[in-house]
Amino acid sequence: MRSRRPIPAYDPQKVLTKVDFQTDGCWEWQGNIDQYGYGTYGKENHMVHRVVYEMLVDEIQPDETIDHLCFNRSCVNPDHLEAVTLGVNVMRGNNPHAINARKTHCLMGHEFTEANTYRHPQRNTRHCRTCATARSAKLLKRNKISWQ
């Protein structure tokens, strides 16, 4: 894992002058926003949600990242931020891996249980055994008819 740049001790009053306190609870950053929607601060363009978290909550450990619980990348409200591992942060998101991991049933409606789920060892994917059995039976039936 790459090392993170240390965040200098910024003056909280100066940082918070660029915050718009919304009625929905988010603290919208009004300063510089990067191409991904995250606020940046200081000469070195530190991620402002990390700056505010370290100022108002606690130091961020090297193996942690900050998760926006409100899904608003420009929010710096410490109540909406949580220090978690990268894996936890990714699985809380709306990316394809997280969406598929949350699924409890296959497309045909069969439940993903230990007995009914095949996990591919190299690809880290899962498949429904009931559907696989049905596909195999259909393929065998089709091949037997075509051989006659």
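Report follows, based on the coordinates. (Residues numbered from 1 in each chain as written. Predicted model: local features only at pLDDT ≥ 70, side-chain atom pairs only at ≥ 80, totals over all residues. Heavy atoms only, no water.)

## Section: the overall build of the protein chain
Tallying secondary structure elements over the protein chain gives 5 helices and 8 strands in all. Walking the protein chain from its N terminus toward its C terminus, one meets helices and strands in the order α-β-β-β-β-α-β-β-α-α-β-β-α. For the protein chain, the C-alpha radius of gyration of 24 Å lies well beyond 15 Å, the compact-globule estimate for 148 residues. Across the 148 residues in the protein chain, those meeting the buried criterion constitute 29%. Taking all contacts inside the protein chain whose residues are at least 6 apart in sequence as the whole, residues at least 24 apart take part in 36%. Here the protein chain displays about 10,800 Å² of accessible surface, and carbon together with sulfur accounts for 53% of that area. Across the protein chain, the mean location of the 20 positive side-chain charges is 19 Å away from that of the 16 negative side-chain charges. (Helix = DSSP H or I, 4+ residues; strand = E, 2+ residues; numbered from the N terminus. Rg over C-alpha atoms; globule rule 2.2 N^0.38 Å. Buried < 20%, exposed > 50% of the residue type's maximum accessible area, 1.4 Å probe, protein only. Contact = heavy atoms within 4.5 Å. Areas by Shrake-Rupley, 256 points an atom, 1.4 Å probe, with all protein chains shown as cover. Lys, Arg positive; Asp, Glu negative; His and termini not counted. Charge placed at Lys NZ, Arg CZ, Asp CG, Glu CD.)

## Section: the environment of Asp11
With respect to the secondary-structure elements, Asp11 resides in the segment before α1 (12-16). Judged by its relative accessible area of 43%, Asp11 is partly exposed.

## Describing the packing of aromatic side chains
For the structure on display, the rule yields 3 aromatic pairs. Ring plane angle 85° and centroid distance 4.9 Å describe the contact between Tyr10 and Tyr41, whose orientation is recorded as edge-to-face. Taken together, the positions of Tyr10 in the segment before α1 and Tyr41 in strand β3 (residues 40-41) put the pair 31 residues apart, joining distant regions of the chain. For the residue pair Tyr10 and Tyr41, the accessibility class agrees, reading buried in each case. Measuring from centroid to centroid gives 5.0 Å for Phe21 and Trp27, while their planes differ by 75°, and the two rings are edge-to-face. On the basis of relative accessible area, Phe21 is assigned to the partly exposed category, the value being 48%. Counting every residue linked through ring pairs, the aromatic cluster contains Tyr10, Trp29 and Tyr41. (Phe/Tyr/Trp six-rings, centres within 6.5 Å; stacked < 30°, edge-to-face > 60°.)

From the geometry alone we can't say anything about function, so treat these as descriptive.
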